[in-house]
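What follows is each chain in one-letter form.
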Amino acid sequence: MRLVLLSLSLLFTAAHAFAAEPVTIGVLSHRGDETTLNHWSKTADYLTAQLPDYHFVIAPLDFSEVDPAVGSGAVDFILVNPAIYVNLELRHRVSRIATMKNSWRGVAYNLFGGVIFARAERYDLNRLEDLRGSTLMAVDETSLGGFMMALRELKAAGLNPYHDLADIRFGGTHDNVVMAVRDGRVDVGTVRTDILERMEDEGRIRLSEFRIINQHLHDGVGEHPDIPLVHSTALYPEWPFSKVQHTSNMLASRVSIALAEMPEDHPAALSGNYAGWTIPLDYQPVHDLLRELLLPPYHQSRRFTLGDVAVRYWGWLLGGLLLLLVMAGMISWVWRLNRALAAAKQQLERQQALILDSVADGIYGVGLDGRTTFANYAMEVLTGWSESELIGNDQHLFLHHTRADGSHFPSSECPVFHTFRDNQARYVDDDIFWCKDGSSIPVEYSSTPIRNAQGAAVGAVVVFRNTAERKRTAEKARQHQSDMAHVARLSTMGEMASGIAHELNQPLSAISNYTRGSIRMLQESGLEKREQLIAAMEQVASQAERAGEIIRQLRRFVRKEEPECEWVEPDVLVRSLLNFIQPELRKSGVRVSLDIASALPSLWMHRIQLEQVLLNLTRNAMEAMQDNGGERLLGLRAWQAGEAICLEVSDNGHGIDAELQERLFIPFITTKKQGMGLGLSISKGIIESYGGQLKVRSKPGDGTHFTIMLPLCGEGHGR
Ligand code: ADP
């Protein structure tokens, strides 16, 4: 409605001044439009006179109309109090072009402040702090000089006015406030500067009736170089005259000059109750005050609540909430998936552990750094190290640090390390592992590389077993075989006893004969038979040596096995055997055919064992030829076939039928009345213990060939 009136007034004015361009000055009207027009029309006329090509008019605006009028550009200039100006400055970019001057008793000033006062006899009220518990009356909650300035001072003095004062009331006008204090209706009042002085001039009050609280200014008597009035607060610039954003700078500067040139006592100034204009002042103090009191335009700086956020950003909030919900759903899904995976992994690990732990062999894993990555239960039992002690530690230092002979075993030579270095599996059949208690166990183990998808080794897995039991069993078997062989040799000797006795008889009777002959020669003659005597005594000595040799061989053959292996030359062995059985051969009328290759390599074995095998085969051959009508021929051959030495014993005896050939090497199989049936099984056992073979080839009625093949077993086993 007011804007409609404003438009009508503009139209009206324009009709009167059709030649000049209309310029509207919006003026805050807090005492009614008529009063405002009365006060300010002369100022508009002054400007029209100064700038004849324009026609200035006043548009009274109440508080609610100021902002829309400036925002819509309905006014070109605006005249409002400093607090409203500061808001317009920020919201609509208005800019001040002049600040109003006031004058009192001929002194002009362009600042104003607040006065806080009580009745003169209130000696208890001197400082702002003394206001605690008192009642205060101000003009209006929106009044800059009549409330806000005092409020700021009270807060600066450490008071919370709404809490520490007994009551705050508002009188509506400055005059009411002064009267209420004077009449004792309130303890303290606050009004803007110049009110008290003017009321005194009007004879309504006397200044001496009041005491000015916090009259804190430099000179101590309320006199200030810029203002001749009593005041209790800081000073702030007076009302500014401002141009709105659309108004041209040219016009603004012309208006500014015209205002500055207005004399203090110009009718326009007198009518407007002011004393001319100065250059515009700095309104920062007003900004500071409003900011401190959290008043517009700074009221939202700390009052921006969650509700405001919700209203302003509801779209984003809703989006964020939805996103959160989706994310929460996904997190929960991933979490559940993860849990299921963890359970499956645990199950797999349990199964794997169960499998590993139920294996009797020790199993452990090794990383590229040589540290143990896992170990099964059997490993703990076999070595005494617990899984927790092994895992993460260098397996070589735990298990492998020293060799069986007590020498240091460097890590660099550890077969397990080599496994993942050359990415090759390896098997070690005879080694030792050290246990936690300091003892060692004999082991055989395999070390296999663990490969990644690209085939590169990322570690190794070692499977090992304690070979102590196996070794004991093998030793037992060997011992048993040795005992059997011994028994067999004794038995053979028993059988050969008469032949041997006969053999011994020969040298003994020769010794006897030669000795008697020698005695006779010594009795019959002197030294002339010396040569014959020497010859006879040499015969005695050699016959005695021969007898001694037979007895030595006999003793060696019947004693228990020699503990150590030795280098055995096949050639020597065959000949010494032949010598041993010579009496039997002779007695049985057997002819020997000897065919021994020259320079045969030696065999690393127990001499007596090979002798026993050959003796056994030879005696069987002789027995098989017993019933031969014609010639009895024993063949003994020795030759090298690749990496093996072959020894063959053959005869032209009755041979062996096919059925017997199949069972020939089974113990206690014999066709002889006195036979034990052990010879061939023992022989086969001996040969095989050296990795060799014993084979038979026979045709009934056409003789038999037994062939021994003994491997040279590489370097060091043959020379
Ligand atoms: P034993 O000589 O005590 O019988 P062996 O194990 O040495 O025990 O021989 C088993 C059997 O094999 C003999 O009883 C014999 O029948 C047969 N045999 C062994 N060697 C010959 C051979 N050269 N010719 C024919 N038969 C043989």
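What you are looking at is a predicted structure, and each value in this text was computed from that prediction instead of being measured.

How each quantity is defined
Residues numbered from 1 in each chain as written. Predicted model: local features only at pLDDT ≥ 70, side-chain atom pairs only at ≥ 80, totals over all residues. Heavy atoms only, no water. Axes fitted to C-alpha atoms, helices over the stretch in contact; angles between N-to-C directions. Helix = DSSP H or I, 4+ residues; strand = E, 2+ residues; numbered from the N terminus. Parallel < 35°, antiparallel > 145°, perpendicular 65-115°, else oblique. Left-handed = near helix turned anticlockwise from the far one by under 90°. Contact = heavy atoms within 4.5 Å. Buried < 20%, exposed > 50% of the residue type's maximum accessible area, 1.4 Å probe, protein only. Near = heavy atom within 4 Å. Polar contact = N/O pair within 3.5 Å; in protein donor to acceptor, adjacent residues only side chain to side chain. Areas by Shrake-Rupley, 256 points an atom, 1.4 Å probe, with all protein chains shown as cover. Nonpolar A, V, L, I, M, F, W, Y, C, P; charged D, E, K, R; others polar. Pairing = 2+ DSSP bridges. Core = buried A, V, L, I, M, F, W, Y, C linked by side-chain atoms within 4.5 Å.

Visitor: Got a minute to help me understand the packing of helix α20 (residues 570–580) against helix α22 (residues 607–624) in this structure?
Guide: Each packed pair of helices is defined by two parameters, the angle between the axes and the distance between the axes. At a minimum axis distance of 10 Å, the contact between α20 and α22 shows a crossing angle of 55°. Taken together, the axes of α20 and α22 lie oblique to each other. The hand of the α20/α22 crossing is right-handed. On the side of α20, the interface is formed by Leu573, Val574, Ser576, Leu577 and Phe580, while α22 contributes Arg607, Leu610, Glu611, Leu614, Leu615 and Thr618.

Visitor: It is not clear to me how unusual backbone geometry should be interpreted in this structure. Could you clarify?
Guide: A negative phi angle characterises most non-glycine residues, just as the trans form characterises most peptide bonds. In the segment running from Pro296 into Pro297, the intervening peptide bond is cis, with an omega of 10°. Here Pro297 shows up in the loop between α11 (284–292) and α12 (306–312). Phi is positive for Arg105, which is not a glycine, with a value near 50°. Assignment of secondary structure puts Arg105 in the loop between β5 (102–104) and β6 (107–109). Owing to a relative accessible area of 57%, Arg105 belongs among the exposed residues under this scheme. Residues other than glycine seldom take positive phi values, yet Phe668 does so here, at roughly 70°. On the secondary structure map, Phe668 appears in the loop between α23 (658–663) and α24 (679–689). Taking the relative accessible area as the measure of exposure, Phe668 reaches 59% and is therefore exposed.

Visitor: I would appreciate a short explanation of the site of the ligand in the present structure.
Guide: The environment of the ligand is formed by 21 residues, the closest being Asn620, Asp651, Thr670, Thr671 and Lys672. In the environment of the ligand, an oxygen atom lies 2.3 Å from a nitrogen or oxygen atom belonging to the side chain of Thr671. A distance of 2.9 Å is found between an oxygen atom of the ligand and a backbone nitrogen or oxygen belonging to Leu680. Burial of the ligand by the protein amounts to 94% of the accessible area it has alone, namely 530 Å². Broken down by element, the residue count for the shell around the ligand peaks at three residues, all from α22. Split by residue class, the shell around the ligand holds ten nonpolar, nine polar and two charged.

Visitor: Explain the sheet that holds strand β22 (residues 591–596) here, please?
Guide: The strand order across the open sheet built from five strands is β22-β24-β25-β27-β26, with neighbouring strands paired in mixed fashion. The sheet terminates laterally at β22 and β26 (693–698), the two strands that pair on one side only. Averaged over all pairs of adjacent strands, the angle between their axes in this sheet comes to 15°, without regard to strand direction. Relative to strand β27 (residues 704–711), strand β25 (residues 644–651) runs antiparallel, the two sharing eight bridges. From the neighbouring strand, Glu648 faces β27, where its bridge partner is Thr707. Along the sheet face, α22 touches β24 (633–641), β25, β26 and β27 and points at about 25° away from the line of β25. Strands in contact with α24 are β26 and β27; relative to β26, the strand with the most contacts, it is inclined by about 135°.

Visitor: For this particular structure, what's the right way to read the nonpolar core?
Guide: The tendency in soluble globular proteins is for nonpolar side chains to be buried side by side. Core analysis: the biggest nonpolar cluster contains 70 residues, and Phe56, Phe77, Phe241, Val255 and Trp277 have the highest contact counts within it. Considering each element in turn, this core owes the most residues, seven residues, to helix α5 (residues 144–156). For Val255, the residues in contact, after removing those within four places along its chain, are Leu47, Leu51, Phe56, Phe77, Ile97 and Phe241. By size, the runner-up hydrophobic cluster in this structure holds 52 residues, among which are Leu578, Ile596, Leu647 and Leu694.

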